[in-house]
Amino acid sequence: MNIFYNALELLIRSIWKLVRRAPVAVVICAVLLAAVSAGSSALWLKLDSDQDNLISHELPFQKRNLEQIRNFGDQEYMFVVIKTGGSEEGKAKASQFAVSLAAKLENHPDLVKEVHYAMSARDMGPGVLMFASPDELRQFVALARDFGPLGREWFQKPGLSRFLNMTAGLLNGEKGSGVSGGAAPEMFGPFIGAIDKVVSEMETSLVSGPGSKTNDEPVFGLDKAGIHYFFTDNGKLLIMRILPKKDFGAMDVIGPSLNFVRASLDEVRAQFPEVEAGLTGRPVLSADEMHTTDQDMTIAAIISVVVVGVLFMFILHGWLRPMLVMGSLFCAMAWTFGFTLVTLGRLNLLSIVFALVLVGIGVDFGIHIVMRYVEASGSGMTPDDAVEEALVHTGPGVLLGGLTSVCAFYAVLGQDFVGLAELGLVGGTGIIFCLISMLTVLPSAMLIAGRRNWFPSSRPRMATMPFMEKILSRPGTVLVVFAVLTAVALPGLQKAGFNYNLLELQAKGLESVEYEHVLINDSDESTWFAVMTCPDLESVKALIGRLQQVPSVGRIDSILDFLPEGQKEKAGILRGEAAALQGINFDTRNSSLVPADVIAGLEKLIDSLENLQEKLFSAGAKEELDQIAGIIDRAELCLEILEKNPADGANLTPLQERMISELSSSFAWLKEILEVRSVTPDDLPVQLRSLYVGKDGHFMVKVSPVGNVWDFDKLTGFVADLRKIDPEVTGVPVVVYESSLLMRETFLEAAGLTIILVSLLLFLSSFSLSYVLLTLVPLFAGIFWLLEIMGITGLSFNLANFFAIPVLIAIGVDGGVHFLARWKELSKGERLYHTSTPVAVGLSFCTTMIGFGGLLLAHHRGLASLGGIMVTGSATCLVGCMVVLPAVFRLIERIKGK
């Protein structure tokens, strides 16, 4: 045996001396350290759920992405997708749905930062008129000329009664500017609608009292004039973009915001049962994925602990031995949490799963020690001798197998995929702690229990597997059978592939997944967009021109969408028109409401409406007649109430105040927009300008792809096309593309490096190439069969399950190490399956299969595929270790015997 292996044996014997002298002290110190580690971690260990921190910030693509976020702010929205059916009625219902939902969301700025679903004229800023065509602008100017003198007259003594009198005069055609006297015909509907709103609110105030409406609610809703809802080009969907508050220190980054939005969405769905709507978007998909995987991992952990515990109790006959193994494992896990607190201070979205990995791997070390102890005690040894036998004879193999597992995790250290590198550090160190615990705490606890006669006197039900010797009696036949089966399944090897589509990893049936598909299939919208930046507007124009020639490019958004063309011509049309509103005092003022004046105004209005009725009847305008009749009925009811009790007129005072305030604001805004001569980016509202103008003054151009961006081939083509135009393009598509490639390369490098390190470690422990090759037999056979089975069953590698390969390398080699070590210990005539080692190795593989097998029930398809690969790979490596490797041993024995 070489120096390396001798060093392992010397270390094990030193550990045994410590355990034999002070087993109680070892256990107490371990438990105290575990308690301190667990308590400190519970108080101070943080969770970093920021996906951007999973990738090194020094990578060029990630550096550009983070710079873009700092410059333009977070623009990763949740999307409420509202179906319209493509009809005008459907659009109207969808609009009402959006307005109702927005009203709920905007009341909680602590949870929802922004809500975008429509844009009104006021949202466009003072330069809104510049977006109209020259003809539309001329019509608006004519209308402003008509209403300017009316506004001047009304503001001399503003009030409800004055409004009623002037409205009646307009209907009668007085002063040559009424609806029937010269205003544009298209203004008839809005004008009558305004009268209807005022009379309706008067009726409500008089019947129900002034508290029936909020005091700041607009009367006419003029602030929503010219509203444009964000319908898709085909009109089938209305899109609401919601920017949630994020907390990267919590597992659910947008948890409170998402819960609030979904609760509000459910409430609005109840109000509009005929409208179909759902929530999606990258943050929602990520949150749903986190929630689903958290539930699935919890269920898998419970299943694994329960089933492994039952299996232990069945195999080891009793509960004490399994409890000692699990207790030692929990100590190691607590130490790992403490180590993570001291070294990293946080867990990320990948490293948080280390506990499940330790359950699957760390417990294996204890199994070998316990099974060897059972074998030794069954042969009549004292507790001290049995523990020494177990520790000295299995310890080096446990150490060697554990170190191969550490290699699998430490192989990713220093990688640019920071999340995986941190998982490697935490997982690899956790395995070292499992080794320490299983080689110190477990033997100490077993020694204490053995000395006190706490173990059951009966032997475990399955300490050896002699029936396997019959199967292996013809090793050549066994190997030929497996060779034939391998050859038959060889076509499956060619079908094994890699699936980059992240959407296909999500659980089926999730609303966020369903509506992501709706966006993909029924709209030009995309929840992902690439980002390019330009220093000036001319560069933006040139860039858009080039992008429009690219087939893979769909929607393009930029600041130019909000900068109107032909501004000089339009400025000429507006020149001097604001003079019609000069000198008017728009300051809101309170004027006393006189019930008698309101009564007179109502009487005059009713007369005017009745005259209008006659004209509409002659024109055969039935719909307009019905509307006018309704206004008259409500006006007459108001008149009746005021005539019976004029004091009720006081209930109209809040309505009058709101009317004065709204009209003052509207006329002031009308004067402001008439004075505009040009629109530049600086003239746009801050909330609009901030979407496209960065802190450094550069302009953002958002580029969405055509088709399904989740399809990796399309994503690859899209990113490649954009990089031909701008090599420094960034945004979610670029980050996802680069991250996917980086993760795949990291996994492949880790797998290759693990094989090299493991082979080197095995060679150092033996200085024998044949030893290395024999140890790797279960691994190579198991992985080869795994790939064949994956191809046959359609199971693919993906970004959720590829890390299974390094783990399978570790456990595959571990089984080979123990089998080879015990085979070399066998005396002449002794058979391998008459010892406890095969049961221990088989139990180790079974615990791994059980630990990950719970994931087969996962709703998250990525986790389910991880469970599938780990169970299948563990099973194939188990067969390679339990059948193929012993068959090779038998052939070697026969050859040597000849």
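Residues numbered from 1 in each chain as written. Predicted model: local features only at pLDDT ≥ 70, side-chain atom pairs only at ≥ 80, totals over all residues. Heavy atoms only, no water.

Things to note about the side chain of Thr-404
- Along the polypeptide, Thr-404 turns up in helix 12 (residues 383-410).
- You can call Thr-404 buried: its relative accessible area is 0%.
- At 2.4 Å, the side chain of Thr-404 and the backbone oxygen of Gly-401 are in polar contact.
- Once residues lying within four places of it in the same chain are set aside, the contact partners of Thr-404 are Val-758, Leu-761, Ala-810, Val-813 and Asp-814. (Helix = DSSP H or I, 4+ residues; strand = E, 2+ residues; numbered from the N terminus. Buried < 20%, exposed > 50% of the residue type's maximum accessible area, 1.4 Å probe, protein only. Polar contact = N/O pair within 3.5 Å; in protein donor to acceptor, adjacent residues only side chain to side chain. Contact = heavy atoms within 4.5 Å.)

Brief notes about the sheet that holds strand 10 (residues 530-534)
- In spatial order, the strands read 11-12-10-13; together these four strands make up an open sheet with antiparallel pairing. The strands lining the two open edges of the sheet, one partner per strand, are strand 11 (553-557) and strand 13 (730-731).
- Pairing between strand 10 and strand 12 (residues 699-705): five bridges, direction antiparallel. Bridge pairing in strand 12 links Ala-530 to Val-703. (Pairing = 2+ DSSP bridges.)

Structural notes on the confidence of the model for the protein chain
- Summarising the model, the protein chain shows a mean pLDDT of 85, and 93% of its residues fall at 70 or more.
- Model confidence for the protein chain, summarised as mean pLDDT per element, is weakest for helix 5 (residues 134-156) at 77 and strongest for helix 2 (residues 23-44) at 95.
- In this model residues 175-184 is a low-confidence stretch, pLDDT under 50, and it forms 16 contacts with partners more than four residues away in sequence or in other chains. (pLDDT = per-residue confidence, 0-100.)

Quick look at the nonpolar core
- If you look at the biggest cluster of nonpolar residues, it comprises 139 residues, and the most contacted ones within it are Leu-329, Met-446, Leu-762 and Phe-819.
- Ranked by residues supplied to this core, first place goes to helix 11 (residues 354-378) with 16 residues.
- Sequence-distant contacts of Leu-762, defined by excluding residues within four places in its chain, comprise Leu-400, Tyr-771, Val-772, Thr-775, Leu-776, Val-813 and Val-817.
- With 112 residues, the next largest nonpolar core counts Met-119, Leu-160, Ile-573 and Tyr-692 among its residues. (Core = buried A, V, L, I, M, F, W, Y, C linked by side-chain atoms within 4.5 Å.)

So, helix 26 (residues 769-793)
- The end-to-end C-alpha distance of helix 26, which contains 25 residues, comes to 35 Å, matching closely the 36 Å that a straight helix rising 1.5 Å per residue would cover.
- Leu-776 marks the point of greatest bend in helix 26, at about 40 degrees, and the proline Pro-778 comes within the next four residues.
- Phi for Gly-794, located one or two positions after helix 26, is positive at around 85 degrees. (Expected span 1.5 Å × (residues − 1). Bend = angle between axes of the 7 residues up to and from the residue.)

Here's the deal with unusual backbone geometry
- In this structure, Asn-453 is a non-glycine residue whose phi angle is positive, near 60 degrees.
- Locating Asn-453 in the fold gives a position in the loop between helix 13 (418-451) and helix 14 (468-471).
- Accessibility expressed as a relative area gives 67% for Asn-453, which makes it exposed.
- The backbone phi angle of Phe-767 is positive, close to 50 degrees, even though this residue is not glycine.
- Examined against the element boundaries, Phe-767 turns out to sit in the loop between helix 25 (732-766) and helix 26.

Focus: a negative patch on the surface
- Residues Glu-603, Asp-607, Glu-610, Glu-614, Asp-633, Glu-636 and Glu-643 make up a contiguous surface patch of negative charge.
- Elements supplying a minimum of two residues to the negative patch: helix 20 (595-619) and helix 21 (622-644).
- It is helix 20 that contributes the most residues to the negative patch, four residues altogether.
- In this structure, Asp-633 sits in helix 21.
- Here Asp-633 falls in the exposed class, since its relative accessible area comes to 51%. (Patch = residues over 30% accessible without salt bridge, like charges linked within 9 Å, V, L, I, M, F, W, Y side chains within 5 Å. Areas by Shrake-Rupley, 256 points an atom, 1.4 Å probe, with all protein chains shown as cover. Salt bridge = Lys/Arg side-chain N within 4 Å of Asp/Glu carboxyl O. Lys, Arg positive; Asp, Glu negative; His and termini not counted. Charge placed at Lys NZ, Arg CZ, Asp CG, Glu CD.)

Describing the pairing of strand 10
- Burial analysis of strand 10 places four of its five residues in the buried class, the great majority of the element.
- Here strand 10 runs beside strand 13; their pairing, made up of two bridges, is antiparallel. Following the sheet pairing, Val-531 is matched in strand 13 by Thr-730.

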